[in-house]
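# Structural characterization, general
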Amino acid sequence: MRLFGRTPAGNAWISRRDVFALAASAAIGGGARVALAAGAAGQLVYGVHISLAPTWFDPAETQGIITPYMLLYALHDGVVKPMPGQPHALCLAQSWSVAEDGLSYDFVLRKEALFHSGEPVTADDVKFSFERYRGAAHALLKERVVAVEALDPQHVRFRLKDPWPDFLTFYSEASGAGWIVPKKYLEKVGEDGFKKAPIGAGPYKFVSFTPGVELVLEAFEQYWRRPPSVNRLVLRVIPDEATRLAALKRGEVDIAYSIRAELAEELQRTPGLTLRPTVIQSPFWLYFADQWDPKSPWHDQRVRQAAALAIDHKTINQALTLGHSLITGSIIPESFEFYWKPPAPVYDPAKAQELLSAAGYAGGFDAGFYTCDVSYGNLAEAVLNNLGQVGIRAKLRPLERAAFYKGYGDKGFKNIVQGSSGAFGNAATRLQEFAVKGGAYAYGSYPDIDALYPTQASEGDHAKREAILHKMQQMVHEKAIFAPIWQLAFINGTGPRVAESSFGHIPGFPYTAPYEELALKTT
């Protein structure tokens, strides 16, 4: 299978296989042998596919995407959080309860839970962490939670404005508000000081961070759940895919994130390496940021539908993720509670051109920028090619992940945005972020969809609530607000030293977690 990408000039097309081959040849130097050690005994090294951002060290700044949790699961811990087999597993809390009237939630903390400084985790820290949270769900949480009370050092109570079925989902899954930082330390060092030397309550302690190079972590022996068996983790930034694979083959890294297309096939053929594909809770889509502007071509629903029909989902899936991704036609992961299954996506470029002609764009149109996270630039190139074949001409604009999601959330993009989210939650949390008025990534909204959101949020009957959320998803589909691409299969590789990678232990999570379950082979 071949996939094609643009040259820097933007008007010629070359095989990505050639690009991969040249990059891999330069990085590997012709050697195909797998080395047996990535570092000292007790050290595990990652080849990370993106540049790590200090903002991800702080749970207060989580952006409604999954990437920060790569670091949060190592450095920090939640009151409750998703764990293997449990979406709301007891962690820093040893128990929780909800009042009969649904207006308060109580959490009792473990006495054995400690921060890396040796200080105990207390109710004051839980209250402080919630109140300083300023991430994507900030406005919603502050609107619905009227008070947080530290009743004693181990007991904290959240009081709600009204009964809210999704409180625990937002608190423990869909935001960083329930991940706890040490109040005294943060007040001492300040916001910037915390990002330079974060202290948490997770299984690994911060050692050092060199921007654009690596993050080094060390096992926290007093972690309440269990001491990690791997003493040291090094998350090495290697943005180029071919270079990551070369490092894995040479034994310079033990785990390489995001290996796709021909490189994934090469990894699969290499003795000593193991391909680890995991379907994650991360749909990708095209978002038409200008669809609420009457002067934009995207204002016409037929144009948005044409873009959706132009995407050759199956070919792209096979070429980039070896067919492992799911073609669902939704921005909601199919594993989420309240998921509505839409009609299967159709690839029909002829119908796409008919719709464009009917909308007054028989010759196509210049669609401006196609903005994406640079680590999925190869997906963008493939979709751009499909769009171009029906006359929708756009220019690729790839950005580093932190800058991309900041710009997306700041409503700073126009034209076409290649969006995605792997955040925890359910159908309601995903709609709230991306399709409802006031959502962190919603550039506009439709009143009929907006009207249903508060109705479902306060509906205590599960079946009635499901029916409302299904209706909302159906409306999103019919209005063609998005053109879904796929639900990603995140393809990774592990080397011969890895006994347990923890891939897939937490359903839908793309990275290795829980980190305390990582293990290296002893021989």
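Attention in this report is confined to the structure presented alongside it. Here the structure is a predicted model, which means the values were calculated and not measured. (Residues numbered from 1 in each chain as written. Predicted model: local features only at pLDDT ≥ 70, side-chain atom pairs only at ≥ 80, totals over all residues. Heavy atoms only, no water.)

## So, the overall build of the protein chain
Counting secondary structure elements, the protein chain contains 16 helices and 20 strands. Relative to its length of 523 residues, the protein chain is compact, with a C-alpha radius of gyration of 23 Å against a globular reference of 24 Å. Projected onto its principal axes, the C-alpha positions of the protein chain cover 70 × 60 × 40 Å. Across the 523 residues in the protein chain, those meeting the buried criterion constitute 59%. Looking at the protein chain alone, contacts between residues at least 24 apart form 70% of all its contacts between residues at least 6 apart. Accessible area for the protein chain stands at about 19700 Å²; split by element, carbon and sulfur atoms hold 52% of it. Positive and negative side-chain charges in the protein chain, numbering 53 and 54 respectively, have mean positions lying 4 Å apart. (Helix = DSSP H or I, 4+ residues; strand = E, 2+ residues; numbered from the N terminus. Rg over C-alpha atoms; globule rule 2.2 N^0.38 Å. Buried < 20%, exposed > 50% of the residue type's maximum accessible area, 1.4 Å probe, protein only. Contact = heavy atoms within 4.5 Å. Areas by Shrake-Rupley, 256 points an atom, 1.4 Å probe, with all protein chains shown as cover. Lys, Arg positive; Asp, Glu negative; His and termini not counted. Charge placed at Lys NZ, Arg CZ, Asp CG, Glu CD.)

## Some words on the pairing of strand β3 (residues 43-48)
Two faces make up the sheet, and in a regular strand the side chains alternate between them. Among the six residues that make up β3, six are buried, leaving the element largely enclosed by the rest of the structure. Neither face of β3 is left uncovered, since the one carrying Gln-43, Val-45 and Gly-47 and the one carrying Leu-44, Tyr-46 and Val-48 both have all their residues buried. One ladder, built from six bridges, connects β3 with strand β12 (residues 232-237); its direction is parallel. In the strand pairing of β12, Val-45 is matched with Val-234. When β3 meets strand β13 (residues 255-256), the two strands line up parallel, connected through two bridges. If you follow Tyr-46 over to β13, its bridge partner there is Ile-255. (Pairing = 2+ DSSP bridges.)

## Describing the packing of aromatic side chains
Geometry of an aromatic ring pair is reported as the spacing of the ring centres plus the angle between the planes. The full count for this structure, using the stated rule, is 49 aromatic pairs. Where Phe-107 meets Phe-158, the ring centres are 5.8 Å apart and the plane angle is 90°; that geometry is what we call edge-to-face. Of this pair, Phe-107 sits in strand β7 (residues 104-109) while Phe-158 sits in strand β9 (residues 155-160), and the two are 51 residues apart along the sequence. Cluster of aromatic residues (ring-pair linked, three or more members): Tyr-46, Tyr-69, Tyr-73, Trp-179, Tyr-204, Tyr-257, Phe-424, Phe-490, Phe-503, Phe-509, Tyr-511 and Tyr-515. In this structure, Lys-142 packs its charged tip against the face of Phe-130, placed 5.6 Å from the ring centre. We note Arg-397 situated over the ring of Phe-369; from NZ or CZ to the ring centre the distance is 5.8 Å. (Phe/Tyr/Trp six-rings, centres within 6.5 Å; stacked < 30°, edge-to-face > 60°. Lys NZ or Arg CZ within 6 Å of the ring centre and 35° of its normal.)

## Some remarks on a nonpolar patch on the surface
A cluster of nonpolar side chains, Leu-90, Trp-96 and Val-98, forms an exposed patch at the surface whose accessible area comes to about 240 Å². You can see Val-98 is positioned in strand β6 (residues 93-98). (Patch = residues over 30% accessible without salt bridge, like charges linked within 9 Å, V, L, I, M, F, W, Y side chains within 5 Å. Salt bridge = Lys/Arg side-chain N within 4 Å of Asp/Glu carboxyl O.)

## Considerations on the sheet that holds β6
The strand order across the open sheet formed by four strands is β6-β7-β9-β8, and the pairing between neighbours is antiparallel. With partners counted over all chains shown, the strands left at the sheet margins are β6 and β8 (145-152), one partner each. Across the sheet, the mean angle separating the axes of adjacent strands is 15° when strand polarity is ignored. Taken together, the six bridges between β8 and β9 define a ladder with antiparallel strand orientation. In the sheet register, Ala-147 faces β9, and the bridge partner there is Arg-159. Packing against the sheet, helix α3 (residues 123-132) makes contact with β7, β8 and β9, and its axis sits at approximately 165° to β8. (Axes fitted to C-alpha atoms, helices over the stretch in contact; angles between N-to-C directions.)

## Focus: the pattern of salt bridges
Inspection of the entire model under this criterion finds 29 salt bridges. Close ionic contact of Glu-191 with Arg-132 constitutes a salt bridge, the shortest N to O distance being 2.6 Å. Remark: Arg-132 occurs in helix α3 and Glu-191 occurs in helix α6 (residues 183-196); sequence separation between them is 59 residues. Owing to a relative accessible area of 33%, Glu-191 belongs among the partly exposed residues under this scheme. The network of salt bridges with shared partners includes Asp-58, Glu-61, Arg-132, Arg-134, Glu-191 and Lys-195.

## Comments concerning the packing of helix α9 (residues 301-310) against helix α11 (residues 349-358)
Viewed as axis vectors pointing N to C, α9 and α11 meet at an angle of 165°, and their least axial separation amounts to 8 Å. Taken as axis vectors, α9 and α11 run roughly antiparallel relative to one another. Along this stretch, α9 crosses α11, giving a crossing that reads as left-handed. Packed against α9, whose contacting residues are Arg-302, Val-303, Gln-305, Ala-306, Leu-309 and Ala-310, the element α11 presents Pro-349, Lys-351, Ala-352, Leu-355, Leu-356 and Ala-358 at the interface. Taken together, the residues that form the contact of α9 with α11 break down as nine nonpolar, one polar and two charged. (Parallel < 35°, antiparallel > 145°, perpendicular 65-115°, else oblique. Left-handed = near helix turned anticlockwise from the far one by under 90°. Nonpolar A, V, L, I, M, F, W, Y, C, P; charged D, E, K, R; others polar.)

## Concerning the side chain of Asn-386
When you line up the elements, Asn-386 lands in helix α12 (residues 377-389). Polar contacts involving the side chain of Asn-386 include one to the main-chain amide nitrogen of Asp-312, which spans 2.9 Å. The contact partners of Asn-386, leaving out residues within four places of it in the chain, are Ala-310, Ile-311, Asp-312 and Ile-316. (Polar contact = N/O pair within 3.5 Å; in protein donor to acceptor, adjacent residues only side chain to side chain.)

## Description of unusual backbone geometry
Generally, phi is negative for residues other than glycine and the peptide bonds are trans, each holding for most cases. In this chain, Ala-513 is followed by Pro-514 through a cis amide linkage whose omega measures 0°. Mapped onto the secondary structure, Pro-514 falls in the loop between β19 (498-500) and β20 (519-520). Positive phi values are uncommon outside glycine, yet Phe-338 reaches one of about 75°. Mapped onto the secondary structure, Phe-338 falls in the loop between α10 (313-321) and α11.

## With respect to the environment of Val-237
Here Val-237 shows up in strand β12. Considered as a pair, Val-237 and Ser-375 are 138 residues apart in the sequence and their alpha carbons are 12 Å apart. The residues contacting Val-237, other than those within four sequence positions of it, are Val-48, Ile-50, Ser-51, Leu-52, Gly-212 and Val-213.

## Focus on the sheet that holds strand β16 (residues 392-399)
Strand pairing in a sheet relies on backbone hydrogen bonds. The paired strands run either parallel or antiparallel. The mixed open sheet is built from ten strands, whose spatial order is β10-β11-β12-β3-β13-β18-β14-β17-β15-β16. Edge positions in the open sheet fall to β10 (204-210) and β16, since each of these has one partner strand only. Sheet strands touched by helix α13 (residues 401-409): β14 (274-288), β15 (365-373), β16 and β17 (416-420). Its angle to β17, the strand with the most contacts, is close to 110°.

## Regarding the environment of Gln-301
Among the structural elements, Gln-301 can be located in helix α9. Classification of Gln-301 as partly exposed rests on a relative accessible area of 32%. With 134 residues separating them along the chain, Gln-301 and Phe-167 place their C-alpha atoms 35 Å apart. Those residues in contact with Gln-301 that sit more than four places away from it in its chain are Glu-478, Lys-479 and Ala-480.

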